[in-house]
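Chain by chain, the residues run as shown.
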Amino acid sequence: MKEFENSPAKIDITNIDGQINPSFVGSHTDYQLQTISEEEYPKPSGLLRGTSASNSSFQVLYEAAAGEDSHGITFAPPPPAPSSAFAHNQQQHHQSNDRPAHERQSSVLDPMSDRVSTILVWQNLVVFTREDEKKLCFKRCLSKNAQPKSKRLLHNVSGAITGGLWAVMGPSGSGKSTLLNTLACRLDVNTTFTGEMRLNGAPYDNAELKRIAGYVMQDDLLNGYLTVEETLMYTAELRLPRTFTNEQRKQRVDEVLDELGLTHARHDIIGVQSKRGISGSERKRVCVGMQLLSRPQLLFLDEPTTGLDSVTALDLLYILHALAHGKSQDKAVTIVCSIHQPQAKIFNLFDSIVLLKAGHIMYQGSRKQSIEVFRAAGFPCPLFTNPADHLLDVITPPKPNQENSDAIPLTIEQQNSVDQALIKAQPAIEIDLNMGLNKRVGQMANLPRNPPWHKQIRILFRRNLQEQYRKKILIITSVFQTIIMAVLIGTVFLHIGTSQTSILRRQPVLFFCIINQGVFGALTVINSFPVERTLTLRERAAGTYFASAYFVAKILSDTLVQLPIPIVFSCVVYYLIGLQPEAAKFFIFMIFIILCSVTSTSMALMISALCRTTALSVTVLPMLLELTRLFGGFFVPPINVPGYLSWIDALSYIKYAFVGAALNELEGLRLNCNGVAVTIVNATYNITAQCTTNGEALIKLRGYEYINIGGCIGVLLSFIIFCRFWAFIGVRFLKH
Ligand SMILES: Nc1ncnc2c1ncn2[C@@H]1O[C@H](COP(=O)(O)OP(=O)(O)OP(=O)(O)O)[C@@H](O)[C@H]1O
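Residues numbered from 1 in each chain as written. Predicted model: local features only at pLDDT ≥ 70, side-chain atom pairs only at ≥ 80, totals over all residues.

The protein chain is annotated in an unreviewed UniProt entry as ABC transporter domain-containing protein of Rotaria magnacalcarata. Turning to the protein chain, the UniProt annotation filed under Sequence similarities (unreviewed entry) states: "Belongs to the ABC transporter superfamily. ABCG family. Eye pigment precursor importer (TC 3.A.1.204) subfamily." Reading the Subcellular location (unreviewed entry) entry of the UniProt record for the protein chain gives the comment "Membrane". (UniProt positions renumbered as here; feature names shortened; annotations may be inferred.)

Here is the structure:
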């Protein structure tokens, strides 16, 4: 009561006929008044005094306090102070803007205002799933009557987003994400739409939208090894117009960090499972920041509060609210969020809402007016009820369950009449497809142009190397592992010599070396690429870079990081085994080990790019690796492979690496004769007893002479090109 008495502003809570206005919703000030039913407050209390609203989300609550002769009146405590940096921001924001909050708000909401940059209008929008053509063809072959089955996700909806902060609300499965994705030109491949969508009075497509709009997805997938500042800086380098200098990019990053209250965390790592980084809310803010760098005119956010606690969710919404209402000198960003069931304080920050139910729009327009419309339809918001919950409760039929056993489910007719009453209670929306045409001229003139292709490669290459550097513990572990493995192999086959017994040991050790390096890299790729692919798809959907630039940068950086392992392996193993001590032979051996390693990673990359998921990739890859091993030229010499299996044999890259390494080692090899060994050798190769004096005889026996070393290198290089080509096709064209 005291707070009321000291406060300057007046709030009239009475109707014209003297009754308490049951849906007084802050129409005179920025207060949000909760609805009061007439039964609870039979006697109106007339004029009340309230504090002036410097914070637009104050709530005034009316309480029917038992024993009080008039209505007990309390203020809900002001919203919790947002976290430090953001609070500072907010304060600055309010201080920097000398116009009162409600004035700023109304100017932003006026679609004709110059500060509203983007207007999105849609008419008769029908979104439906379409059956895959191939499946349909197949079904038609089986049954002549097979017809495409399609499901409607949105039913002939029309509407307009006219600046400010918008919420797309509705129960689960009502089509919130579908509406958001349709407007953002991000529909799934199996869905399509009819109807018209206009951006500032003109039809638009994904390419145009990418340049003026941002989209923040529900799950904040980020590169966990980079810091907050690095993440924003790389995005700035890739997305800001090529005319920007480094200084200007840095300045923009600083501005965004400041705007989002992330300055304190700028040097913190984003974090991965094994290494915790920034908090959930900070992650979300980084995602928003990445989109804000290019100063979008329109921002879509899919369920931005998912996974955040109530305080951090509110913090985030304050930021969005501030952005949607713009700074005095800036244009305001039109922001559209899909949101499931916001808490009251969050709900009160939205300017307008679109309420969906089963693909139909039940209400759209001002958030403040929504309570009035529901009341007029016969559904006043009960006291102390979150208005957002109330709206959803009205449009969602109650289902009896254990906790709510009294709920009486509505019949379809009853539910239809609720829907009709709601639609009747709201003013008809007039859709003008040309709305915002005047804003288009300036908008199109300033479309940014991304950096050129070669610069994108440079930036992405640098980013990849930085990420690899942060993962150096993995690289160091791999190198140690390789050394240990090489020492073990070298010790088992130590100083193999040139006796007859060495013939039996030389080929197994060569084969083992090839297999070892031909599997190692593949396993790393298959585990890491699917996650990286998802992140890349997102960045590309936002128009950050070309798929080809990403791919070239990836291939270059991955190969560079991969090279030390086969090089270290070759050095250790070659020396310990005591293969032919000639520099040329050593380097050729090393080339085969490197090529084998690179081929295996290329094959793994191709499989994970085409299979898309780790689960499918790890099912396919082992089978292929087994085949390449079986037909690797060791178990079945090329000369003995049956004709009908020669196609598999030809596809085994292991064979070309092994045969190439064997040719390199056996050519020019001089062997000693040893009685015991002769017998073994002869038994193995099924030849009459004689001493094998040179490697060429073995080449002939095994049938390796059908190809030469150059041929093996050529085939391996072709394999690498083939696998990388298909990997690129997968990266470029498979977008889901
Ligand atoms: N690509 C698709 N193929 C088939 N059905 C789809 C597809 N996308 C959405 N749907 C269906 O459309 C309906 C609406 O889905 P949507 O994801 O838009 O709902 P939502 O309101 O965002 O739900 P939630 O709050 O649970 O995320 C759901 O029944 C969903 O199964």
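(A) Layout of the overall build of the protein chain. What the protein chain contains, in helices and strands, is 27 helices and 15 strands. The buried share of the protein chain, taken over its 736 residues, is 40%. Here the analysis covers contacts within the protein chain between residues at least 6 apart in sequence; of these, 77% occur between residues at least 24 apart. (Helix = DSSP H or I, 4+ residues; strand = E, 2+ residues; numbered from the N terminus. Buried ≥ 20, exposed ≤ 12 C-beta atoms within 10 Å, placed from the backbone. Contact = placed C-beta atoms within 7 Å.)

(B) Fine view of the site of the ligand. Near the ligand, the surroundings consist of 15 residues, among which Ser 172, Lys 176, Ser 177, Thr 178 and Asp 188 are the closest. In terms of residue count, the dominant contributor to the shell around the ligand is helix H5 (residues 176–183) (three residues). A per-class count over the shell around the ligand returns one nonpolar, eleven polar and three charged. (Near = placed C-beta within 6 Å. Nonpolar A, V, L, I, M, F, W, Y, C, P; charged D, E, K, R; others polar.)

(C) Main features of the UniProt feature "transmembrane region" (unreviewed entry) in the protein chain. Here, UniProt's "transmembrane region" (unreviewed entry) annotation points to residues 473–497, 509–529, 560–579, 586–610, 630–648 and 706–729. Counting secondary structure, residues 630–648 comes out at 21% helix and 0% strand; the distance between its end C-alpha atoms is 10 Å. Counted over residues 706–729, helix gives 88% and strand 0%. Its end C-alpha atoms are 33 Å apart.

(D) Summary view of the packing of helix H16 (residues 453–470) against helix H19 (residues 547–562). The contact between H16 and H19 brings their axes to 8 Å, and the two run at 40°. As far as their axial angle goes, H19 and H16 are oblique. Crossing handedness for the pair H16 and H19: right-handed. Here Trp 453, Gln 456, Ile 457, Leu 460, Phe 461, Asn 464, Leu 465 and Gln 468 of H16 lie close against H19, whose contacting residues are Ala 549, Tyr 550, Val 552, Ala 553, Lys 554, Leu 556, Ser 557 and Val 561. (Axes fitted to C-alpha atoms, helices over the stretch in contact; angles between N-to-C directions. Parallel < 35°, antiparallel > 145°, perpendicular 65-115°, else oblique. Left-handed = near helix turned anticlockwise from the far one by under 90°.)

(E) How the structure looks around the sheet that holds strand S7 (residues 152–161). Judged by pairing direction, the sheet is antiparallel, and its four strands sit side by side in the order S7-S6-S9-S10 without closing on themselves. The two strands at the open ends of the sheet, each matched to only one other strand, are S7 and strand S10 (202–203). Inspection of the sheet shows strand S6 (residues 120–129) paired to S7 by six bridges, in the antiparallel sense. Note that in S7 the partner of Leu 125 across the bridge is Val 157. Relative to S6, H5 is tilted by about 120°, and along the sheet it contacts S6, S7 and strand S9 (191–199). (Pairing = 2+ DSSP bridges.)

(F) Representation of the packing of helix H24 (residues 653–666) against helix H27 (residues 709–733). The contact between H24 and H27 brings their axes to 9 Å, and the two run at 155°. Taken together, the axes of H24 and H27 are roughly antiparallel relative to one another. Of the two elements, H24 crosses H27, and the hand of that crossing is left-handed. Of H27, the residues touching H24 (which contributes Tyr 653, Tyr 656, Ala 657, Val 659, Gly 660, Leu 663 and Asn 664) are Ile 709, Cys 712, Ile 713, Val 715, Leu 716 and Phe 719. Looking at the contact of H24 with H27, its residues break down into eleven nonpolar, two polar and no charged.

(G) Expanded view of the nonpolar core. Core analysis: the largest hydrophobic core is formed by 160 residues, its most contacted members being Trp 166, Val 168, Ile 335, Leu 355, Ile 514, Ala 657 and Phe 658. When residues of this core are sorted by domain, at least three fall in each of domain 2 (104–216 + 299–398 + 412–445) and domain 3 (458–733). (Core = buried A, V, L, I, M, F, W, Y, C linked by C-beta atoms within 7 Å. Domains from an automatic or database assignment.)

(H) View of H5. Within H5, seven of the eight residues are buried, leaving the element largely enclosed by the surrounding structure. Buried within H5 are the following residues: Lys 176, Thr 178, Leu 179, Leu 180, Asn 181, Thr 182 and Leu 183.

(I) View of helix H22 (residues 614–630). Between its first and last C-alpha atoms H22 spans 24 Å; for 17 residues at 1.5 Å apiece the expected length is 24 Å, and the two agree. For H22, the full list of buried residues reads Ser 617, Leu 621 and Thr 628. On an axial view of H22, the arc spanned by its buried residues comes to 30°, and they lie on one face. Along H22, the residues that are exposed and aim more than 90 degrees away from the buried face are Ala 615, Thr 619, Met 623 and Glu 626. Residues of H22 that are buried in the fold lie against helix H18 (501–541), helix H21 (583–611) and H24. (Expected span 1.5 Å × (residues − 1). Arc of directions from axis to C-beta.)

(J) Broad picture of the sheet that holds strand S11 (residues 213–216). Spatial strand order, S11-S12-S13-S8-S14-S15: six strands in an open sheet with mixed pairing. Looking at strand neighbours, the two that pair on one side only are S11 and strand S15 (360–366), the edges of this open sheet. Along the sheet, successive strands turn relative to each other by an average axial angle of 15°, direction set aside. Summarising the sheet, strand S12 (residues 298–302) and strand S13 (residues 334–339) pair through five bridges and their orientation is parallel. Paired with Asp 302 across the strands is Ser 338, a residue of S13.

(K) Just the environment of His 321, in detail. Its location among the elements puts His 321 in helix H10 (residues 310–325). The exposure class assigned to His 321 is buried, which follows from the 21 C-beta atoms found within 10 Å. Not counting the four nearest positions on each side in its chain, His 321 is found in contact with Leu 165 and Leu 349.

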